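Listed here are the chains, written in short residue letters.
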Amino acid sequence: MVDIVIAGYARSPFHFANKGALAKVRPDDLVAQVIKGLVHKTGIEGKAIEAVFMGCAFPEGEQGLNVARLAVFLADLPQSVGGATINHFCGSSMQAIHMAAGAISMGAGDAYICAGIESMTRVPMMGFNPLLNPSLAKEYPAAYISMGETAENVADKYAISRKDQDQFSLNSHLKAAEAQGKGNFKDEIIPVKTPAGDMVDQDGCIRENSTIEGLAELSPAFKEEGNVTAGSSSPLTDGATAVIVCTSDFAKTQGLDVLAKIRSIAVAGCAPEIMGIGPVAATNKAIARAGISLSDLDVIELNEAFASQALACMADLKLDESKINLDGGAIAIGHPLGATGARITGKAAQLLKREKGKFALATQCIGGGQGIATILEAVE
Amino acid sequence: MKGIDKVAVIGAGVMGAGIAAQIANAGVSVLLFDRPSEGKEDRNQIAKDAIGKLIKSNPAALMNKRNAKRIISANTEDDLRLLADCDWVIEAIIEDVGIKQTLYKKIDKFRKKGAVVSSNTSTLCREQLVAGLPENFRRDFLITHFFNPPRYMRLLELVSGSEVSDEQCKLIERFCDRSLGKGVVHCKDTPGFLANRIGIFWLQCAVVEAIKQNVSIEVADAVIGRPFGIPKTGVFALLDMVGLDLMPHVLSSMSESLPPEDPFHGIYQEPELIKTLIADGYTGRKGKGGFYRLRPDSPDKIKEAIDLNTGDYAKAERPSVDIVKKAGRKNPRKVLEDDSSAGRYAWSVMSKTLTYAASLVPDVSDNIEAVDEAMKLGYNWKYGPFELLDQIGVEWFCAKLRSEKTDVPLVLKSVGKGKFYRKSKGFREVFGHEGQYLKRYPNAGVLKLDDIKARSKPVMRNPSASLWDLDDDVLCLEFHSKMNSLNLWTLSMMDRAREKIETSEYKALVVYNDGTNFSVGANIGLMSVAARLWAYPFIDYMVRRGQETYKALKFAPFPIVSAPSGLALGGACELLLHSDAVQAHAETYTGLVEVGVGIIPGWGGCKEMMCRWSLASDTPRGPMPAVSKVFELIGLAEVAKSAEEARDMKIIRAEDGITMNRDRVLADAKERALELVSGYRPPTAVEITLPGESGKVALDLAVEGFRKSGKATPHDVVVSAALSTILSGGNTDMTGKVSEDKLLQLEREAFHTLCRHPDTVERVHHMLKTGQPLRN
């Protein structure tokens with residue numbers, strides 16, 4: 001079987017929705033700038049790209065009308081490059097990577113750009129027209145359960161304390177702030193131009209002055225007597241990501257810097273009420289498919305939709321905390337739904353190389369009760 | 001006549017910034033200057049910070065936050081050349097003649113030729129300010145004295161000078177009146193002008209007498225407040241609001257500038273207690289407290305009042321002063337006659353104040369009406385000093401003064417047994433200082449229901465509403481029930497008005513009243529009684545009746561213009577929604593607030609809002625955005641804090657008018673009605689697309705989330721579910737169309753169920769009892 005690799009990763013700065021520096025940037029423009037930046041940075045030849053697969057959790061409004069194809073035009077890619085938008089909620093852009101890998105395995109092209117976009121400012125969560133199936137809502141209300149509620153359910157079921165959630169959240173900010181200070185994000189961030197002409201080149205959600213006392217003061221956000229707060233949840237975020245998925249031969253020919261090889265992939269369903277635990281089953285499947293064990297992992301990117309679910313997954317899988325989210329996670333950096341999957345996969349690949357490890361895992365939970373996972377392997 | 005297209009305000013303190021905000025509210029761009037901020041990257045930082053404060057101010061200085069964009073920050077060192085574009089420059093800096101004059105010289109260098117310059121001084125005279133300044137500057141210089149807060153206080157005292165042309169004066173008067181909504185009172189160039197001259201005397205007198213007579217501040221505020229139509233803040237709570245630290249400056253400046261024979265000197269002193277309070281940081285509401293405070297270190301908000309003799313605080317009492325209760329609202333004499341400590345206190349304060357006010361005629365003002373206007377608009381008194389004297393009885397008042405060997409001012413002697421205001425041969429008249437009555441002609445463009453009432457009888461009348469003839473074939477529907485609430489009488493008058501116009505020469509209807517509030521909405525007291533008696537069919541009837549009346553008004557073959565000011569809530573907001581046009585006073589506070597008492601808008605409010613938002617071109621496409629927005633507005637009982645905000649909520653349409661000056665609302669509304677008369681076609685009923693149950697489920701799910709997080713109560717969930725059924729169109733589907741009648745039917749069904757729900761009944765009772773919504 002042909003080796004499929006991640007040979008390039010870039011993202012926009014991530015900023016708070018509504019009040020952040022990217023609020024006035026159209027999502028299609030935002031992701032196009034990132035794709036263009038990635039193409040420029042890596043030097044990949046445009047016409048050699050089969051298609052752009054674009055993850056988006058609410059593909060409507062300014063990120064609708066098959067935004068992937070529109071991004072091809074906006075990013076000045078050749079017309080020959082295809083474009084397909086993929087919706088798998090928070091797993092959308094990791095799903096894009098999986099589909100590209102699958103297509104390449106089928107011989108359907110050598111290289112794809114797998115991107116993700118979400119402007120949570122300009123397209124609200126649930127979209128503009130949430131129209132639920134009344135009978136499903138009645139017979140199986142969990143199908144539409146809110147994410148905050150699932151975070152509380154997971155905290156309950158796995159006995160995740162408020163204190164542990166606050167500490168985990170604080171660590172995420174401290175790690176991200178440190179990484180930012182060290183310039184660890186410099187390589188991955190493509191500066192974005194706003195309509196006002198400003199260049200945004202730094203993340204906007206990281207709170208370097210966050211304290212455990214400050215986090216402890218916050219009221220529960222989703223349940224009156226609950227223990228999940230805004231501080232232990234990922235924020236509503238605007239952001240875009242893109243990675244290059246291609247064969248190792250293609251990368252060599254094009255002179256691309258290979259970050260990691262895709263070793264295995266998986267998705268798995270779970271009860272929607274505890275969707276945050278989704279990464280457990282998906283990871284177990286992906287690990288089994290890779291033929292390795294969890295202890296073989298050197299780098300782990302476990303998405304932090306909520307501290308409670310991240311902690312529950314860590315406990316269930318018995319993961320080594322020192323290997324997880326080395327440069328901080330979504331609680332600090334932000335979680336633009338459709339863009340996160342490609343960020344944590346690209347980041348895991350980048351970290352695997354930086355840390356000189358052998359295997360990396362990128363995994364996340366998905367609304368509706370699912371998990372998605374990717375195992376990466378270092379290349380010689 | 002030239003206009004005012006751009007204004008500069010120099011001095012970004014509380015007053016300057018507030019004036020700039022009101023100019024921005026009028027749609028005019030304004031430069032806000034202050035000193036350059038030294039050592040800061042942005043030299044306009046002081047003015048910028050002031051604009052930032054305006055955006056956050058409460059009560060809001062801006063009628064809409066986006067009006068802040070019309071205020072441009074500047075500094076007096078780098079930017080004075082920008083004055084070249086300004087038609088009017090307002091100075092609002094420190095009360096120091098030297099500093100002001102230095103600034104005037106700089107302004108004069110840069111200002112546009114002929115641009116008006118005015119000072120917002122409250123204590124200095126115009127003559128002092130222009131002394132020694134060049135003739136051409138003096139010709140364009142006025143005093144324009146605003147009151148704090150400039151958006152809400154309607155008084156503007158205007159002081160001109162003999163060298164100023166009429167044209168300049170009229171230019172500013174017109175702008176202040178029409179664009180800023182101010183009641184302009186012309187004043188002579190005397191210390192404190194009119195309102196503060198009387199107001200400061202009154203406040204000082206009330207403080208000194210309370211200390212002297214050992215009257216508690218709670219009793220003082222109660223007895224000086226309601227019986228005299230003075231806001232319930234009375235004296236001491238008002239001083240807390242204004243700021244205790246301001247008083248010594250104002251008092252000493254008055255003392256320095258008033259002539260030696262002025263009675264003010266007799267009461268001028270600075271009580272030790274006040275000095276101590278200020279020194280200890282008790283400067284009023286902006287400080288640690290003042291005469292009243294919230295008990296420090298106490299988690300419960302316990303209000304405390306100071307003992308004027310000891311300076312100690314104790315829990316504030318709600319004084320039950322017999323005479324205040326007996327006197328009610330319109331019988332101040334009863335209080336003044338009363339031989340209790342409260343009565344004696346009231347007499348000592350109010351007799352001195354009213355005598356002082358009367359003594360100012362004719363030297364300080366030769367216009368009795370202007371004196372009354374100044375106190376009404378500048379101090380929110382319901383009645384001016386001379387109106388109060390009419391209520392008290394001038395003859396009785398003078399007799400009592402004489403019995404105390406107090407000099408009776410000339411104007412009181414002249415009016416003798418008469419009154420200062422009277423109606424004569426269809427005209428309202430006022431006593432002139434030269435001993436004759438003068439006809440009171442409203443200003444051009446001002447139409448007062450009072451004038452119409454003075455010269456005519458109502459076309460129709462019942463206990464809650466009347467119909468007046470505004471001439472030119474326009475009728476005016478006036479509510480006059482308690483708080484102008486809507487009941488069967490008002491509905492009946494709406495029907496009768498419609499029938500009258502349909503069958504006569506009349507051509508249009510204006511709905512308007514002179515009250516503080518247009519209407520607080522349907523009388524829920526009726527609903528409460530009906531629920532108690534299990535008379536639910538009556539409630540169902542009221543709902544259907546209101547729907548039929550409003551619907552008939554909407555489709556009537558003549559135009560209806562509603563002209564609200566103040567509150568227009570619930571059923572009154574629904575009336576605005578059914579009108580052909582709205583001519584709103586800028587200070588209109590409106591919204592559909594029914595959910596607060598556990599019901600939904602049942603007189604077509606849900607229907608009208610849904611249709612408006614669905615058909616609006618700026619609503620995002622699809623079946624849900626309009627539904628979600630209206631669900632939010634009604635479900636959260638949102639109230640617009642200005643007519644501009646009501647426009648954002650689509651209660652007032654883009655083509656509806658907003659009148660800044662309260663006194664001009666009726667005339668503007670009549671004019672609008674007449675515009676609509678020619679070629680009038682009633683609207684046609686519309687049909688809209690709604691999502692049906694698929695949309696309802698999404699809304700209900702969101703509310704359930706709020707309940708779980710403690711943001712919604714169990715009964716909120718019930719009321720919201722009823723609302724979501726209506727707004728999503730019931731059992732419709734997005735392929736079908738929903739008619740207005742279908743929406744009305746859904747409103748009736750929801751109301752029918754909700755009004756029988758015990759938690760709704762409890763909400764209604766609670767609101768009637770406490771005035772606050774119950775969160776059950």
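Rules and cut-offs
Per chain, the residues get numbers from 1 upward, laid out in the order the sequence is written. To read the labels, note that chains go from A and ligands from 1, taken in the order they are written. Given that the model is predicted, a residue must reach a pLDDT of at least 70 before its local features are reported, and side-chain atom pairs must reach 80 or more before they are shown or counted; all residues, however, enter totals for whole chains, interfaces and linings. Note on pairing: DSSP must find at least two bridges between two strands before they are called paired. Strands are runs of DSSP state E lasting at least 2 residues, helices are runs of H or I lasting at least 4, and numbering of each runs from the N terminus. Here an angle of 0 to 180 degrees is reported between the N-to-C directions of two axes, which are lines fitted to C-alpha atoms, with helices fitted over the stretch in contact. pLDDT is a residue-level measure of predictor confidence that goes from 0 to 100. Any angle that falls under 35 degrees is termed roughly parallel, while one over 145 is termed roughly antiparallel, one within 65 to 115 roughly perpendicular, and all others oblique. In a left-handed crossing the near helix is turned counterclockwise from the far helix by less than a right angle, and in a right-handed crossing that turn is clockwise. Note on contacts: each residue gets a C-beta atom placed from the backbone, and two residues are in contact if those atoms are within 7 Å. Charged means Asp, Glu, Lys or Arg here, nonpolar means Ala, Val, Leu, Ile, Met, Phe, Trp, Tyr, Cys or Pro, and polar covers whatever is left, Gly included. As annotated, the domain borders come from an automatic or database domain assignment. By this rule the span expected of a helix is its residue count minus one, scaled by 1.5 Å. Neighbour density around each residue's C-beta defines its exposure: 20 or more other C-beta atoms within 10 Å make it buried, 12 or fewer make it exposed, and counts between make it partly exposed, where C-beta atoms are placed from the backbone.

1. Considerations on the sheet that holds strand β9 (residues 292-294) of chain B
Residue and element names in this part refer to chain B. Within the open sheet, the three strands sit side by side as β9-β10-β11. Their pairing is antiparallel. Looking at the sheet topology across the chains shown, the edges are occupied by β9 and β11 (313-315). Within the sheet, the average angular offset between the axes of one strand and its neighbour, ignoring direction, is 40°.

2. Considering the sheet that holds strand β17 (residues 474-479) of chain B
Residues and elements named next belong to chain B. With mixed pairing, the seven strands of this open sheet are ordered in space as β15-β16-β17-β18-β19-β21-β23. The open sheet has two edge strands with one neighbour each: β15 (460-461) and β23 (657-659). Pairing analysis gives four bridges linking β17 to strand β18 (residues 508-511), with the strands arranged parallel. Considered in β18, the bridge of L475 is made with L509.

3. What to know about the confidence of the model for chain B
Per-residue confidence for chain B gives a mean pLDDT of 93, with 100% of residues at or over 70. What the predictor reports for the complex is a pTM of 0.90 with an ipTM of 0.85.

4. Digging into the packing of helix α22 (residues 524-532) of chain B against helix α32 (residues 758-770) of chain B
All names here are of chain B. It is the contact of α22 with α32, at a shortest axis distance of 10 Å, that shows an interaxial angle of 130°. Viewed along their axes, α22 and α32 adopt a mutual orientation that is oblique. Remark: the crossing between α22 and α32 carries left-handed chirality. In contact with I524, G525, M527, S528 and A531 of α22, α32 contributes V761, V764, H765, M767 and L768. Grouping the constituent residues of the contact of α22 with α32 by class yields seven nonpolar, three polar and no charged.

5. Considerations on the interface of chain A and chain B
Between chain A and chain B, the residue contacts involve 16 residues of the former and 16 residues of the latter. In the side of chain A that touches chain B, the residues fall into ten nonpolar, three polar and three charged.

6. A closer look at the packing of helix α21 (residues 488-502) of chain B against helix α23 (residues 536-554) of chain B
All names here are of chain B. Where α21 meets α23, the closest approach of the two axes is 10 Å, and the angle between their N-to-C directions is 30°. Put simply, α21 runs roughly parallel to α23. For the pair α21 and α23, the sense of crossing is left-handed. Between α21, through L491, M494, D495 and R498, and α23, the contact on the second element is made entirely by R545, G546, T549, A552 and L553. Class assignment of the residues belonging to the contact of α21 with α23 gives a composition of four nonpolar, two polar and three charged.

7. Here's the deal with the environment of G695 of chain B
Mapped onto the elements, G695 of chain B comes out in helix α29 (residues 693-708). Distance in space between the C-alpha atoms of G695 of chain B and N731 of chain B is 11 Å, their sequence separation being 36 residues. Discounting chain neighbours no more than four positions away, the residues touching G695 of chain B are L131 of chain A together with P623, M624, V627, L690 and S728 of chain B.

8. Description of the pairing of strand β9 (residues 260-269) of chain A
The two faces of the sheet receive side chains in turn, since in a regular strand these alternate between them. Residues and elements named next belong to chain A. Pairing analysis gives two bridges linking strand β1 (residues 4-11) to β9, with the strands arranged antiparallel. The partner of I6 across the bridge, within β9, is A260. Bridge analysis of β9 against strand β12 (residues 370-377) gives eight bridges, and the strand direction is antiparallel. Bridging from a neighbouring strand, S264 pairs with I375 of β12.

9. Re the domain arrangement of chain B
Residue and element names in this part refer to chain B. Structurally, chain B comprises domain 1 (6-187), domain 2 (195-402), domain 3 (449-593 + 639-682) and domain 4 (598-636 + 684-776). Placing a centre on the C-alpha atoms of domain 3 and another on those of domain 4 gives a separation of 24 Å. Every contact between the two is made by 23 residues of domain 3 and, on the other side, 23 residues of domain 4. Looking at the side of domain 3 that touches domain 4, the elements that each hand over two or more residues are α22, α23 and α24 (571-578). Tallied by class, the residues present in the side of domain 3 that touches domain 4 amount to eleven nonpolar, seven polar and five charged.

10. Focus on helix α6 (residues 162-182) of chain A
Residues and elements named next belong to chain A. Across its 21 residues, α6 extends 30 Å between first and last C-alpha, which sits within 8% of the 30 Å expected from 1.5 Å per residue. Listed in full, the buried residues belonging to α6 are Q165, D166, F168, S169, L170, N171, S172, H173, K175, A176, A179 and Q180. Of the residues one or two after α6, G183 is the one with positive phi, at around 80°.

11. What about unusual backbone geometry?
A cis amide bond links N148 of chain B to the next residue, P149 of chain B, at an omega of -5°. Within the fold, P149 of chain B resides in the loop between β6 (141-146) and β7 (155-159). Its identity is not glycine, yet N18 of chain A carries a phi of approximately 70°, on the positive side. Within the fold, N18 of chain A resides in the loop between β2 (15-16) and α1 (27-42). With 12 C-beta atoms counted inside 10 Å, the residue N18 of chain A sits in the exposed group.

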